[in-house]
Amino acid sequence: MTQPMPESVSKAPTINLAFTGASGAQYGLRLLQCLVAAGCRVHVMVSKAAQIVIATETDLKLPGSPSAMQKVLTEYASAQPGQVVVFGREDWFSPPASGSGDKAPLVVCPCSTGTLSALATGASNNLIERAGDVALKERRQLILVTRESPYSQVHLENMLKLTQMGAVIMPASPGFYHRPESIEDLVDFIVARILDHLGLPQDLMPRWGEARVNAKMSRNDGFGQQD
Ligand SMILES: Cc1cc2nc3c(=O)[nH]c(=O)nc-3n(C[C@H](O)[C@H](O)[C@H](O)COP(=O)(O)O)c2cc1C
């Protein structure tokens, strides 16, 4: 029997989060933790290659079945029962698989160039590709955290095509102006930008100019004037 979902979770916004096989599993895992901490319900999809990359880049070993994976990720993200739901790779009856399902944004993090290509051509060969296709056709928020270096002409053309269709291409290329001291700081830079785009509160990273605005407000010295 499944456990009842707490009321706070049943009312929270849903975010679809897909892990694909690009390097940068830590971005997706940290995003999952932050979405859970923000009270969201997270519908998770994990490609076969993503499972390999997660095992290569982190200490997390994801089991094969969606229900076992859900247990591991629920624990990993300290989520409430029902807050993290994992769907199988061909679960065509899951909410992300149809335009008449939930209206949740989709974040592909990290996004491989293979999945990028599938999204640019509407391949829909697995649930992640189908969820992306649904997001595009329904004009829903689609954020693609791509990673490859260098990018080929094919990758760049696919990115241009997808951005013209309304997707947001957010390469996993963190800035350094916040003086990162750890890998976690670099990861948080990208995760903070994703949360900003989703309209979710985050205190991982101050927004550009925020420190300056706060200093001016506390000095009460003519905010808005040139200095
Ligand atoms: C350790 C590891 C790192 C990889 N890094 C990248 C990468 O940074 N970018 C990328 O596009 N593909 C990368 N790949 C290759 C993809 O995983 C591969 O193309 C796969 O078919 C993508 O499938 P998916 O989009 O269904 O996850 C990597 C593979 C492995 C095993």
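What you see is a predicted model; the values in this text were computed from it and never measured.

**Looking at the packing of aromatic side chains**
Note on aromatic pairs: each is described by the distance of the centres and the angle between the planes.
Item 1. All told, the structure shown has one aromatic pair when counted by the stated rule.
Item 2. Ring centres of Y177 and F189 lie 5.6 Å apart, and the angle between their planes is 75 degrees; on these two criteria the pair is classed as edge-to-face. Residue Y177 is found in the loop between β6 (168-169) and α8 (183-198), and its partner F189 is found in helix α8; the two are separated by twelve residues along the sequence.

**Points about the packing of helix α5 (residues 113-121) against helix α6 (residues 127-137)**
Item 1. For the pair α5 and α6, the least separation of the axes is 9 Å and the interaxial angle reads 45 degrees. What the angle tells us is that α5 and α6 run oblique. For the crossing formed where α5 meets α6, the hand is right-handed. Between α5 and α6, the contacting residues are T115, A118 and L119 on the first element and I128, E129, G132, D133 and L136 on the second.

**Re empty space enclosed by the protein**
Item 1. This structure, assessed with the given rule, holds one cavity of 30 Å³ or more.
Item 2. Of the volumes computed, that of the largest cavity is approximately 60 Å³.
Item 3. Residue lining of the largest cavity: N16, P95, P96, S98, D102, A104, P105, L106, A131, V134, A135 and R140, and that is the complete set.
Item 4. Element by element, the count of residues in the lining of the largest cavity is highest for α6, at three residues.
Item 5. A class-by-class count of the residues in the lining of the largest cavity yields eight nonpolar, two polar and two charged.

**Re helix α2 (residues 25-37)**
Item 1. With 13 residues, α2 extends 19 Å between its outermost C-alpha atoms, agreeing within 8% with the 18 Å of an ideal straight helix rising 1.5 Å per residue.
Item 2. Along α2, the residues that are buried comprise A25, Y27, G28, L29, L31, L32, C34, L35 and V36.
Item 3. Just downstream of α2 lies G39, where phi reads positive at about 90 degrees.

**Let's talk about the nonpolar core**
Nonpolar side chains in soluble globular proteins tend to be buried together.
Item 1. Residues L35, L73, V107 and I194 are the most contacted members of the largest nonpolar core, which totals 42 residues.
Item 2. For L35, the residues in contact, after removing those within four places along its chain, are I15, L17, C40, V42, L195, L198 and L200.
Item 3. Among the nonpolar cores identified, the runner-up in size contains 22 residues, and V85, L106, L142 and A167 belong to it.

**Things to note about the pattern of salt bridges**
Item 1. Evaluation of the coordinates by the stated rule reveals five salt bridges.
Item 2. Taking the shortest distance from any N to any O, the salt bridge between D133 and R130 comes out at 4.0 Å. Of this pair, D133 and R130 both sit in helix α6, separated by three residues, roughly a single helical turn.
Item 3. R130 gets classed as partly exposed once you look at its relative accessible area, which sits at 25%.
Item 4. The partner of R193 in a salt bridge is D196, and the shortest N-O contact between them spans 3.6 Å. Of this pair, R193 and D196 both sit in helix α8, three residues apart, roughly one helical turn.
Item 5. Residue class for R193 comes out partly exposed when judged on its relative accessible area of 38%.

Rules behind the numbers
Residues numbered from 1 in each chain as written. Predicted model: local features only at pLDDT ≥ 70, side-chain atom pairs only at ≥ 80, totals over all residues. Heavy atoms only, no water. Phe/Tyr/Trp six-rings, centres within 6.5 Å; stacked < 30°, edge-to-face > 60°. Helix = DSSP H or I, 4+ residues; strand = E, 2+ residues; numbered from the N terminus. Axes fitted to C-alpha atoms, helices over the stretch in contact; angles between N-to-C directions. Parallel < 35°, antiparallel > 145°, perpendicular 65-115°, else oblique. Left-handed = near helix turned anticlockwise from the far one by under 90°. Contact = heavy atoms within 4.5 Å. 1 Å grid on protein atoms, 1.4 Å probe; cavity = no way out; pocket = protein on both sides within 12 Å on 5 of 7 lines; lining within 4 Å. Points joined across faces, edges and corners; volume = space filled by probe spheres on them. Nonpolar A, V, L, I, M, F, W, Y, C, P; charged D, E, K, R; others polar. Expected span 1.5 Å × (residues − 1). Buried < 20%, exposed > 50% of the residue type's maximum accessible area, 1.4 Å probe, protein only. Core = buried A, V, L, I, M, F, W, Y, C linked by side-chain atoms within 4.5 Å. Salt bridge = Lys/Arg side-chain N within 4 Å of Asp/Glu carboxyl O.

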